[in-house]
Structures are given as structure tokens and as C-alpha cells.
Amino acid sequence: MSARDLHGPGAPWGEREPGHRSNDAFSVIGRPLRKVDGLAKATGAALYADDLVLPGMLHAKTLRSPHAHARVLRVDASAALALRGVHAVITGADLPIKYGVIPWTPDENALAVDRVRFIGDPVAAVAAIDEDTANAALKLIRVEYEPLHAYMDPRESLVRTEPAIHPGKPGENGNISKHVRLDFGDVDAAAAAADLVLEGDYTFHGTTHAPIEPHCALASWSADGLLTLWSATQITHYVHRALARVLELDPARIRVVQPCLGGAFGGKSDPFSLEFCVAKLAQKTGRPVKMLWTREEVFYAHRGRHPMQLHYRTSASRDGRISGVDAKILIDGGSYSSFGLVTTYYAGQLLTGPYDFPSYRFDSTRVFTNKPPCGPKRGHGSVQPRFAFEVQLDEIAEQLALDPIEIRRRNFQGEQTRTVNGQRITSNGFLQCLELVERASGWKDRRGKLPFGRGLGVAGSMYISGTNYPVYPNDMPQAGVQLKVDRSGAITVFTGGNDIGQGSNSVVAYLVAEELGVPVEHVRVVAADTDLCPVDLGAYSSRVTFMVGNATIDACRKLRAQIVGALAEHWQCEAGRVRLIEGRAIDTGDPARSLPIAQAFHIAEARCDTLGSTGSYNTPKLGGDYRGGTIGASPAYSFTAHVVEVEVDVETGRLTVPHVWIAHDCGRALNPMLVAGQMEGSAYMGLAEALMEDHDVNRYGLHAGPSLLDYRMPTAVDMPELHALIVESLDPEGPYGAKEAGEGPLHPVLPALSNAIHDAVGVRLRHLPFTMPRVLRELRAAGIDRRARERAKPARLATPPHAARGGAR
Amino acid sequence: MLRMPQFSLERPRSLAQAIALLSEHGPAALPIAGGTDLVPNLKHELHSPSVLVALEHVPELHGVRVLADGALSIGAMTRLADLALHPEVVARAPALAQAASLVAGPQLRTMGTLGGNVLLDTRCQWINQSYFWRQALGFCLKKDGTVCHVVEGGKKCVAAASNDTAPALMTLGATLELEGPDGVREIALDEFWVADGINNKKLGQGELLVRIRVPQQRAGHRGAYGKLRERGSIDFPMLGVAVRVDIADERIRDADLCVVALAARPLRVKRVGETLAGKPAQGPELETAIEAVAELAHKQCHPLPNIPGDADWRKEMVPVYVRRTLLAALTGSGPVHHV
């Protein structure tokens, strides 16, 4: 049961501090309102990319490489082209220009030009009258390959240079994607002076997003040469730019639209092969062309969590203060760069909170292998290091005989501070997060005192609310919003922000309703359409609520100034007396004077001109003064603490998680129901990665199971009780104080689970995933079997968690 | 979405019509019951029938009856969801009801049938994949290829029987009523299997499974099913253990234990009856005997890396699930399942 089910729609969400401005002061903000597209989605009325059908539309399919690494010698499509119903076949020769979401690393082709780099790499695409004809045509395309040595082990890519997966400059290893080493303070001196130095190896495996909606794109050319692409993407603006580059078109002739999206989690934040293919095929055939990928193809497109081999050395004083952290990380990037440059930085840059430590070094290397390419998945780049570090921190607490929550308190960095790598911290509610999970889980009475096989574990984390690093360098705003007022009283908001299910369109509507005093139902949101909407950079790095939210408030305040000014003139009063609230304009000095909001708009339109406004957001100058110092520099950081409860079946290795307490500092919950949903969804995803999910290839380099049957994700019956505990630190720069909530709450669940296992059975698991065979092996290696429970001392009876269930806020 | 191949659909209204259609079209026709196994296999291009004969409207295949001799006669089209809750099945054959309740997930049990589960095709990580995937692999012994990827140099397919209900029915001494162009025949389920993953059943061309007969069990019958899987729903078994124990005067009179999801056919663990016979139904002597049965099973079962899941670990799970399922049968607390 979710927290939402427990509390109902009128739940008293979150903890309130004394003196904290109550949400009662708002009309809309802080209320658990329905999503603006909730009914459409629940009733099936919402239109996703694959729901779109145009007259004369053709269907396209992709031919993929059966080789993990090979030269493409020849592609012969003549038999396919001769098949009745086939309209066009394209190959790498039709789309030779390389692209990549990071402008410095364009290493992808829509279709293989001379080389394939993993099993599933796109080679050719067919447009035909229907899907079956297109599939039949694929089987008629003859491709000659010259197989090359395939790299499956990232350690091999580090040392072997030939053949290179991406041949680089002379003297460079083309199998290395990115190397970053940054030093802050003297980490070796810290180790030499420390009371305790702990060193260890950790493994994070690959996992993928598995959004319920597969990738889909539809392209259409107008008679006057305007290309429109509807695509299931979370980065409309970057797709727009990439299309112009690869198709060699003036971007002014391209329109990109994101229809309703069925989940992304980072898996739709690259430009993808199908977007270029449908555009090219539509150009060639003169007809609209759609391509919908199968679930299997989504697994090949991947861009999921990077597998990482991590080594940490942490130094601490006797009282538990951390003096230095030294990390060395090997990142398996798969076959292309994707966001890999950023991943390599994030793997180090995002560890420097919520704890303060005076010295830090990280050395991370991302290599290419012949596997589906990795990229950004919810908690991009920082979930893996967080796992390693929080497990190591727990071990430090153990060795120093400190309570694991206490050691985290002692190292708290504080508010309004700067991290060792030069990041600015503003609001920081981490201590409150710790306090909430400590109380709700019954930590003091239960941790270390539960019967053998049951345990509690804690972990903390921080995450960004967007960063000041735009993917391509420019001085323009990161987020833009435009408002248009109708005489009916309705307001239309145009935003480039991508609602990927996280509810950003709803957040925009709530902000407009709050600022301009109109009911939420009177706000229409037009989003993610490059012809209609001002640019926003897209839904990644948890930037949308913060940046688009601030841009929305900016636009609203400009518009409100016009309206209030006109009413002040109309009523002959001070502008400060005029309020727009609850669908009316009111003179607070003379409350008898009030008007329905539509009439107020009429007065303003008559006095001012057609009503509208624009607003924008750009980050302040942030980040350390060194190369890469802006990567991971966020205007505000969110903070999270989890306590996980686990039961270990020592006969089978099965881990059962009955409860996860999730406390998250989201600044302010603009809609607590959406925030709780993000917290629960994050904990679900992280727990799924720890317990079951494993995105890997088999000994042939073939995906180990590209289906939702074989890539196991927990079902409803596998999930614990999730207790969402909202902390509101009211960030000085966030919209109404809000920060992100969609990615941060994922991080701590994995290390907290490992730490809980240690509490349960005294075994420390450092290598993910915690599948049953692995857990059993580790238990057996530690001499634990089914007799262990009987040998264990009788446990002191402790309060069951159920007492805390209802009050888990 | 993966596409379905093209086929025509026949919907016979009687058993005779269904058998005639299957005879008429020969190997080009396949029967379809609930379709929960066949449809994904069609999408993976494991079969390419030109005709599907739907059994939905064949009345002879429906209904659960208690016969005069106390046996259960279960129509092959009985939905697994109905079977799991049928009061006569729950009372007379608890292991079967429990096994049916754990097949796949709720939606699939609403469509899937007992006949379909008994006749379920064997499964292997190298075969239950798309055509593209299998082609990239170079195919395998079970279809289109010559190499076994489970056993190096293997010449016999070892895809795993994965039907939860089969071992339960075996412990209950079930027989199958088959009807085909050559008439009706009855075969003990024990005799029905072949240790060949390509086709592990002695089912003739054009022959249909009509009904499953579960004989009346002895007074003091106890049964249970234990299923090992990663998730609490949806997944096929990584190991299935079915148990029958007959109790008389608080002592075990006879017992039987069958397992599935290890090899190409469901297997009976040998010498279970003689190890348990005469032992008291509780107490330390029973515990020792259960340990001995767990040890027998551990020695006799040899999981292969055919289905997903570490084979060594699955072997270690055999004694654990044998022990737990035996205890569940004795205490009436089955099924053994983690959720």
C-alpha cells in the first residue's frame, strides 16, 4: 500500500516546522490536486505518439546487426525494394552525418555507415504500406559483415587498443570514452593522518529504464517543405537541433512535437535512430512515416545505468568525522558516447554532500564496450558512487562503534555552504530527513535489536535541481515560458518543458493558477512543440520544476503587473491593494470592490493592449573555477535519507523488504501528492535495481533477455510499504522554494538495503545486484546457513513497525 | 510490438469438428486454448501455422465433474483461475489447486487452461526469444539450428518442462484422456513424457487432450505445491515441487514427490515413499526422514543452465523446497511460495 492510499487525498502531507509559512496561505500550491492530464491518461483518451495516424502513412522497421562488432562491407537492399508494398529502404549512406547529444562527442549514425558496435545496432530501415510488409522486407536485405574482436569486459577496453571501437586520434586509445581526474585538498595527507582508513571495492551492475511506452516517431513533410516530427522524446529542443544537423536542413524548416509520453526515466533523452529514419523516409517517399520500436528494440536502444567498478578509500577520525574520500571508478559505457562525458564527471562531482569532507579525489574512466550504449538513467551517474560510499560509511560507523545515523549527522555539511569541489549549497534539509526516518522506522528501539535475519539500514544522498551546464554552450535562457490571456478568463501557457509523466505540465498550471488567481481548470498548457513554445532544454537532470517553474513565475508576475496596474487605475487605488485570487480581482482596501477575473482581464486588455507575457530562467554563475567545474553545479540541491527494513531468508538468499521510509527535502511540495508519487516511484526503481534488475549481455554479446519477462522488474506484490516523508526546506531560489523530487529519492535505497542486510545477518554486500544466488553465496562464504538463526542469541523483543505505519510522516 | 504471423482461425463447435479440422490441415494447423503460451511463441516465430483451431467453444473440453468412483474429471479447457478455486479440486487434490493458483499471474490464469499448462511447450533461455535474437545467436537445437547452447556438444535438447500443474498431477496418479483421428485413448501422465526438449510429450498428430482424470485419493491424503521464482507473480517456475503424503493413524502410509523446471520432463524423485512410509506424521523422527528425502532429491536433481537462474543455486534450492513443501503438505499450509 502506498502512502497515498494510507492517507487519502486530504492527507496532512509532510512535516511542518514552527514558523514555517503554512500552505494555507496559498490557493493552489501545496494542495494534492489531480494532474492536469490525469483523467485523459486514466481513461485512455490521451494521445501518445503511436496513437497518431496520418492519411497515407507508411510504417517503418529497422534492420539490426547480429554482430557485436563488425565492419559493414556491403548492404544490398535490391530484393527488399522489389517487394510489393515497400516504398523505400535507407542505409547509412543516406544519413552519413554523425550526431550525439553532447556536441563534443558526436559518434553515432542513424544507420551504420561502416561499422556496427553491438548486437542490435541499426543498419537499414524500410518504409512499407504496413508493418508486416516492412518486416518481410527486412529479411530480404543482404548485409556482408567482417566480424571484429568484440569487447565485453571494460577492463579489456582499458588496455587493448586494437581494434578500436571508435578509432581515435593517433596515439589515443579509441576504446576510452572519457577520463576525468580531479583533486580537491590533499587526500593522501588526510589518509596518513587519519585514525581510520577504510578501503574497498564495490560493483554496480547495469540496469535500464523500461518505460511502459516504447520509442515511437512519426514524420511528415508539408507541400512547402516543412518537416514535422512527433516523437516520444524528453528533449524536444535537442532533437530539433540534431535533425537539422543530420538531415542538413535549416532548423527553421523543422518542427518537433512531443505528444503525451508514457514514461522515459532518462531513456528518451538522446536523439534516436528512429527519429532520423522516419524523417528521411518521409522525405524520400513523400508520405508520412511512422516507426514504433518493439520492447526488444527499446532494450537495444538502452542508455540505461552504467555498470561501474568502484574503489573507495575513506579516511576518518576517531569521532567519525570524514577527512578524505579517494575514488577510482571504471565505467562501462557500452558502444557509444551518449551523455558519457557528463556521466564521467557526475560519477565524482555529485558525491560532495550532504556530508562535508575537506579532501576529495576522483579518477573516473568511461570505456567503450560492444554492448547496448549506456546513458542517463534517473539519478544519472551518481547512484553508483552513492551506493559504494554509503556502504563504506556504514562500515566506518561499525568500526568506530557509532550509530549509522549519528555518523551521518556528525558529517552534515550544513546550509548555505560550499562543497569541497566548489558547489554552492543553499537550503539543506538533510538533518530533518534523518530525524524523520529515524523516528518513523523505530530506529532507536529496533536497529541492532531485531531477531537474526531482520535488520534496518540507513543511507543519505543529494541530487541536483538542474545544472548550469547547458548541453551546448550559449547565453540564452535555459527555460522560457509564454502566457496568453483569453477574454473567457482562460490562460494558455506555452512551455518547451517536456512532461514525461513527472507532472511538469501540472506544476506549470498550478503556478499560473496561484499567481494569476484563476482556477487550475482555466489554465491550458501547450508544451514541447518547437513551433509553438519557447525553448526549454528538456526533461533531464531534474531541472524542469525548478527552471520552467521559475520561468513561469517570471512570466506570471510580468502579466500580473499589467493587470494589477490596469485595475489600480480603474479603481483609482494603490496597485498594492489589488489581488488576483480564487477567480476574482479584489481591492483589498475596499473588499466590496471585486470583479470576476475575466472582467479584470477585459479592463486590462482595454487599457494595456493584447495581454500576454514571456518569462525565463537562467542559472546564476555557479560551480568551481576549473575544467568541468560547472558540471554538476546546480542552483539547488535536494537531500534524501532512507531507512530500509529487510528480512533475509538464509536458506535461499531471498531478501524481503517489508518497509522503506523515504524522507526527501524537496524545498517545497508544490503538489505533495506528485512529490510523494515521485518519492515512491524512485524508491521502487532503486529497490528493483538492487533486488532483481540486471541489464547484461550473455557470452555471445547478445542481450541476456530483452523482454519484460526475462528482464525482471518487481510487480505490485513484490513491493514493500513505502512511506513518503516530505521535508520542506524552502529553497531561496526555487519556485515557491521548490527543488527536485524525481531523482534524488532513488539513491539511498540501494546502500540502505546493503546496510540493513548487515544489521540482519552481519554480512556486508558490496556487489550488486543482490540476487538470490549472490546473496546465498555470500551468506555461505560467511558461514551462515539455516542453523545460524538457532545459534543466534535470542533477540530482544522490539516494537513492530506497524505501530509507525499510520504515523509515518 | 512484435507482430503476429498471418493465419486463419477456425472455431469448431464440437470435439468431432475440432479433430476433423486438425486432421484436414495436418501439421499446418495448431490448436489454441487460452493462447497464453502459444501467442508469444507465435510472435517469436517458433511456429508458423496457417490455421489455428480454437478450442474455446468445444463443449466436451469444459467442466469439472466428480465421477461415481470419486475421481475428478477435469475438462482440458478449464481455466486455471477457476481450477484453483474449485471447491472439489481444493478438497480432493490440494496440490493441483495450489499449482494452478501459482501459474503466471492473475490475468494469464484467467485465460490459461489446465490442458494448456499440461501441454506447455518446454522453455529455454536460448529459444524463447525473438526471431532476430535467435538468428543473431545462430539458432539452436530446438528449432532452426544444430547447436545446443546449454550443454556444450549436446545432441539432445534439454529445454525445461515448466508446467506447474504437471508434477502435481503426477503425484495424484492422473491419467489423460486423448482423442484423435484414430479414436480415444487413455494414458497415465507418468507414461506421457519423453526426455526430449524438442517435444517432450507422446501426443499424436491431430490428437487433442480432452479431459484429465484425477483418481480418488486415499482417506488421509495431503498434498502441496512449492514454487520457486524470483517475483511473486508472472514468472515461470525456476523449480516446482509437488508432494503427496497419505496419512493413516498419525503415520505416513505412502508419499510421492515430483519436480519440474529442471529437465525436459517433469521428474519423480525416487525412493520418497519408502523413506517416509511408516514414519510418524510429526516429531523428530519425521524431521530426520524429511532431511533424508531432501538429500535424496538433492542427489537426484541436476538443474541445467536451460532456463534463466543460476543452475548451481537452483540445485541448492531443491532440498530447501522439498523440505518446505513436505512440511506444508503435512500441516496443510501450502502452497510454498514467497508471497
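Position numbers for residues count from 1 along each chain, tracking the sequence in the order it is written. All chains are assigned letters beginning with A, and all ligands numbers beginning with 1, in the order in which they are written. The predicted origin of the model limits local features to residues at a pLDDT of at least 70 and limits the giving and counting of side-chain atom pairs to 80 or more, whereas totals for whole chains, interfaces and linings rest on all residues.

A word on the overall build of chain B. The secondary structure content of chain B amounts to 13 helices and 12 strands. As a reference, a globule follows 2.2 Å times the number of residues to the power 0.38, and the radius of gyration itself is taken over C-alpha atoms. For 339 residues, the compact-globule estimate of 2.2 N^0.38 gives 20 Å, and the C-alpha radius of gyration of chain B, at 20 Å, lies within 12% of that figure. Along the three orthogonal principal directions, the C-alpha set of chain B runs to about 60 × 50 × 35 Å. Of all 339 residues assigned to chain B, the portion counted as buried reaches 52%. The contact rule is simple: place each C-beta atom from the backbone, and if two of them lie within 7 Å, those residues are in contact. For chain B, the share of sequence-separated contacts (at least 6 apart) that also reach a separation of at least 24 residues comes to 67%. Where helices and strands are cited, they refer to DSSP runs of H or I of at least four residues and of E of at least two residues respectively, numbered from the N terminus. Exposed residues have 12 or fewer other C-beta atoms within 10 Å of their own C-beta, buried residues have 20 or more, and partly exposed residues fall in between, where C-beta atoms are placed from the backbone.

For any two helices packed against each other, the geometry comes down to the angle between their axes and how far apart the axes lie. Residues and elements named next belong to chain A. Fitted lines through C-alpha atoms give the axes, limited to the stretch in contact for helices. The angle between two N-to-C directions lies from 0 to 180 degrees. Where helix H15 (residues 504-516) meets helix H16 (residues 544-571), the axes come as close as 9 Å, and the angle between the chain directions of the two elements is 30 degrees. As the angle between them shows, H15 and H16 are arranged roughly parallel. Taken as a pair, H15 and H16 cross one another with a handedness that is right-handed. Of the residues in H16, those in contact with Ser-504, Val-507, Val-508, Leu-511, Val-512, Glu-515 and Leu-516 of H15 are Val-544, Thr-545, Val-548, Gly-549, Thr-552, Ile-553, Cys-556, Arg-557, Leu-559 and Arg-560. Residues are grouped as follows: Ala, Val, Leu, Ile, Met, Phe, Trp, Tyr, Cys and Pro are nonpolar; Asp, Glu, Lys and Arg are charged; all remaining types, including Gly, are polar. A breakdown of the residues in the contact of H15 with H16 according to their chemical character gives 10 nonpolar, four polar and three charged. Just so you know how the angles are binned, under 35 degrees is roughly parallel, over 145 roughly antiparallel, 65 to 115 roughly perpendicular, and the rest oblique. Handedness of a helix crossing follows the sense of rotation of the near helix relative to the far helix, less than a right angle counterclockwise being left-handed and clockwise being right-handed.

Before going further, it helps to spend a moment on the interface of chain B and chain A. Listed by partner, the interface residues are 23 residues for chain B and 25 residues for chain A. Looking at the side of chain B that touches chain A, the elements with two or more residues in it are helix H8 (131-137) and helix H13 (311-331) of chain B. The leading source of residues in the side of chain B that touches chain A is H8(B), at five residues. Among the residues forming the side of chain B that touches chain A, the class breakdown is 12 nonpolar, six polar and five charged.

Put simply, an interface is often sized by how much accessible area is lost when its parts join up. All names here are of chain B. What marks off one domain from the next here is an automatic or database domain assignment. Segmentation of chain B into domains returns domain 1 (1-60), domain 2 (61-120 + 160-214) and domain 3 (221-331). The C-alpha centroid of domain 3 is placed 20 Å from the C-alpha centroid of domain 2. At the level of elements, helix H5 (94-101) and helix H9 (165-171) are the ones that each hand at least two residues to the side of domain 2 that touches domain 3. Examining the composition of the side of domain 2 that touches domain 3, we find that five residues originate from one element, H9, more than from any other. The residue inventory of the side of domain 2 that touches domain 3, partitioned by class, reads 16 nonpolar, seven polar and two charged.

Before going further, it helps to examine the sheet that holds strand E26 (residues 637-648) of chain A. All names here are of chain A. Any two strands between which DSSP finds at least two bridges are classified as paired. Across the sheet, four strands lie side by side as E18-E26-E27-E28; this open sheet has mixed pairing. Lying at the two open borders of the sheet, with one neighbouring strand each, are strand E18 (454-464) and strand E28 (721-727). Sheet twist, expressed as the average angle between the axes of neighbouring strands with direction ignored, equals 15 degrees. The sheet contact formed by E26 and strand E27 (residues 655-665) spans nine bridges and is antiparallel. Pairing of Phe-639 across the sheet is with Asp-665, part of E27. Along the sheet, helix H18 (residues 672-691) makes contact with E27 and E28, crossing E28 at roughly 130 degrees. Packed on one face of the sheet, helix H19 (residues 749-761) meets E18, E26 and E27 and runs near 160 degrees to E18.

To continue, consider the nonpolar core. By definition, a nonpolar core groups buried Ala, Val, Leu, Ile, Met, Phe, Trp, Tyr and Cys residues that are joined through C-beta atoms within 7 Å. Ranked by size, the top nonpolar core spans 352 residues in total, and within it A:Val126, A:Val278 and A:Leu753 carry the most contacts. Beyond its immediate sequence surroundings of up to four residues, A:Val126 is in contact with A:Ala60, A:Lys61, A:Ala80, A:Val86, A:Val89, A:Ala134, A:Ala137 and A:Leu138.

Here the focus is the domain arrangement of chain A. Residues and elements named next belong to chain A. Along its sequence, chain A is organised into domain 1 (49-148 + 215-292), domain 2 (380-463 + 634-805) and domain 3 (477-617). Computed over C-alpha atoms, the centres of domain 1 and domain 3 are 39 Å apart. Facing 15 residues of domain 1, the contacting portion of domain 3 comprises 15 residues. Contributions of two or more residues to the side of domain 1 that touches domain 3 are made by helix H7 (236-247) and strand E11 (254-257). Of the residues assigned to the side of domain 1 that touches domain 3, the class counts are six nonpolar, eight polar and one charged.

Along any regular strand, the residues point their side chains to alternate faces of the sheet. Residue and element names in this part refer to chain A. Pairing analysis gives four bridges linking strand E22 (residues 578-581) to strand E23 (residues 584-587), with the strands arranged antiparallel. Bridge pairing links Ile-581 to Arg-584 in E23. Hairpin connection from E22 to E23: two residues lie between these consecutive antiparallel strands, with Glu-582 at a positive phi of about 50 degrees. Relative to strand E24 (residues 594-596), E23 is paired through three bridges, and the arrangement is antiparallel. Paired with Ala-585 across the strands is Leu-595, a residue of E24. Counted along the chain from E23 to the antiparallel partner E24, the turn is six residues long.

This part is about the confidence of the model for chain B. Predictor confidence is given residue by residue as pLDDT, running from a minimum of 0 to a maximum of 100. For chain B, the average pLDDT comes to 97, and 100% of its residues sit at 70 or higher. Reported confidence for the predicted complex is 0.97 by ipTM and 0.96 by pTM.

Moving on to unusual backbone geometry. For the peptide bond that leads from A:Glu162 to A:Pro163, omega is -5 degrees, which places it in the cis range. With respect to the secondary-structure elements, A:Pro163 resides in the loop between helix H5 (154-159) and strand E7 (176-184). That bond from B:Gly334 to B:Pro335 is cis: its omega, -5 degrees, falls within 30 degrees of zero. For B:Pro335, the location among the structural elements is in the segment after H13. At A:Arg303, a residue that is not glycine, the phi angle is positive and equals roughly 70 degrees. Relative to the helices and strands, A:Arg303 resides in the loop between helix H9 (295-301) and strand E13 (308-316). Residue class for A:Arg303 comes out buried when judged on the 26 C-beta atoms lying within 10 Å of it. You will see that B:Asp144, though not glycine, has its phi angle at about 70 degrees, which is positive. Residue placement: B:Asp144 occurs in the loop between H8 and H9.

Residues and elements named next belong to chain A. Residues Ile-254 and Val-256 point to one face of E11 and Arg-255 and Val-257 to the other, with burial holding for every one of them. Both strand E10 (residues 227-231) and E11 contribute to a ladder of four bridges, which runs parallel. Looking at E11, one finds that Trp-230 is bridged to Val-257. Place the viewer so that the strands point away; then a crossover is right-handed whenever the path from the first strand over the helix to the second strand goes clockwise. Note that the unit made of E10, H7 and E11 has a crossover that is right-handed.

Take the packing of helix H11 (residues 383-399) of chain A against H19(A) next. Residues and elements named next belong to chain A. In contact at an axis separation of 8 Å, H11 and H19 are set at 30 degrees when each is read in the N-to-C sense. The pairing of H11 with H19 is recorded here as roughly parallel in orientation. The hand of the H11/H19 crossing is right-handed. Note on element contacts: H19 touches H11 through Leu-750, Pro-751, Ser-754, Asn-755 and His-758, opposite Arg-386, Phe-387, Glu-390, Val-391 and Asp-394. Broken down by class, the residue content of the contact of H11 with H19 amounts to four nonpolar, three polar and three charged.

A separate point is helix H20 (residues 772-781) of chain A. Taken together, the buried positions of H20(A) are occupied by A:Met772, A:Val775, A:Leu776 and A:Leu779. Across the axial projection of H20(A), the buried residues extend over an arc of 100 degrees, all falling on one side. Structurally, H20(A) contributes buried residues whose contacts are with E27 and H19 of chain A together with H13 of chain B. Looking one or two places after H20(A), you find A:Gly783, whose phi comes out positive at around 80 degrees. The directions from the helix axis to the C-beta atoms are what the arc is built from.

Residues and elements named next belong to chain B. The strand order across the open sheet built from three strands is E1-E3-E2, with neighbouring strands paired in parallel fashion. The sheet is open, and its two borders are formed by strand E1 (8-10) and strand E2 (29-32), each paired with just one other strand. On average, each strand axis in the sheet is tilted by 30 degrees relative to the strand beside it, whichever way the strands run. With four bridges connecting them, E2 and strand E3 (residues 51-54) associate as parallel partners.

Let us look at the environment of B:Gly34. Residues and elements named next belong to chain B. Note on placement: Gly-34 falls in the loop between E2 and helix H2 (38-43). For Gly-34 and Ala-18, which are 16 residues apart along the polypeptide, the C-alpha to C-alpha distance reads 16 Å. Apart from residues no more than four positions distant in its own chain, Gly-34 is found in contact with Met-111, Gly-112, Thr-113 and Gly-116.

The next point concerns the confidence of the model for chain A. Averaged over all residues, the pLDDT of chain A equals 94, while 95% of them reach at least 70. Confidence drops under a pLDDT of 50 for residues 795-809 of chain A, and excluding neighbours within four residues, the segment shows 27 contacts in the predicted structure.

Another point: the environment of A:Leu292. Residues and elements named next belong to chain A. Residue position: Leu-292 is located in strand E12 (residues 289-292). Residue classification places Leu-292 among the buried residues on the basis of 21 C-beta atoms within 10 Å. Once the C-alpha coordinates of Leu-292 and Ala-49 are considered, the two residues, 243 residues apart in sequence, prove to be 8.7 Å apart. Among all residues touching Leu-292, those that are not within four sequence positions of it are Asp-50, Pro-214 and Cys-216.

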